[in-house]
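Single-letter residue listing:
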Amino acid sequence: MKARIIREPRCALLWRIDESYPNYAAIARAARRYDVKLRPVADGDLGGIVGDLCAGKPAPAFAPLIAVSDRPAIIVSGLRHDNGELGAFLDLIKMGGASIPVRSMVTPTSKGWTLANLLLELNTEHETVQGGNA
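Residues numbered from 1 in each chain as written. Predicted model: local features only at pLDDT ≥ 70, side-chain atom pairs only at ≥ 80, totals over all residues. Heavy atoms only, no water.

**Student:** Kindly report on helix α1 (residues 24-33), identifying the contributing residues and their values.
**Tutor:** Inspection of α1 places Tyr24, Ala26, Ile27, Ala28, Ala30 and Ala31 among the buried residues, and these make up the whole buried set. Next to the buried residues of α1 lie β1 (11-15), β2 (37-41) and α3 (85-95). Just beyond α1, the residue with positive phi is Asp35, at close to 55°. (Buried < 20%, exposed > 50% of the residue type's maximum accessible area, 1.4 Å probe, protein only. Helix = DSSP H or I, 4+ residues; strand = E, 2+ residues; numbered from the N terminus. Contact = heavy atoms within 4.5 Å.)

**Student:** Run through the nonpolar core, naming residues and quoting values.
**Tutor:** Core analysis: the biggest nonpolar cluster contains 22 residues, and Leu14, Tyr24, Ile27, Ile74, Phe89 and Ile93 have the highest contact counts within it. Counting only elements with at least two residues in this core, the list comes to β1, α1, β3 (73-77) and α3. The element best represented in this core is α1, accounting for six residues. Non-local contacts of Ile93, meaning those with residues more than four positions away in its chain, are made with Ala26, Ile27, Ala30, Ile74, Ala98 and Ile100. One finds Ala73, Ile75, Val102 and Leu115 within the second-largest nonpolar core, a separate group that totals 18 residues. (Core = buried A, V, L, I, M, F, W, Y, C linked by side-chain atoms within 4.5 Å.)

Have a look at this one:
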C-alpha cells in the first residue's frame, strides 16, 4: 500500500494583525513569496479548530467565553521547517520590519485544538520564556 501524502494548506492565521499593523506590508510580501494565504482571525473564531481555520472553513457560530491575550500572533501552516522554509518566511517578515511577538507553526497536535486553546498555550509559553517581561 502506498502512503498518502497530505499537504497542509499554506496559511497564516493572524491574531490581532490586520492591514493597520505596523509594517504589515512585510507580512503580505512574505505571504506572496511563499504562496501563503493570510487569514485574519478574531474573537468570533476562537471556537474554530485550527486545522479547519487554516483550510478556510468557517468557525462555529458560537465562540467560547474565554479571556485570550490581545498579544499579536501568527500561526503558520504548510511551510516546512526541516528545509528552512518556515524560518525563511519568518525572517523575511522580520527583515521587512514587522515584529510579531508570538509565532508558531501548526503541528499534528495543535491542528485539532481550538484557536482559543492554542492562543492560551502560546501565550503561556511566551510569558514563561520572557520571564514575566512579556
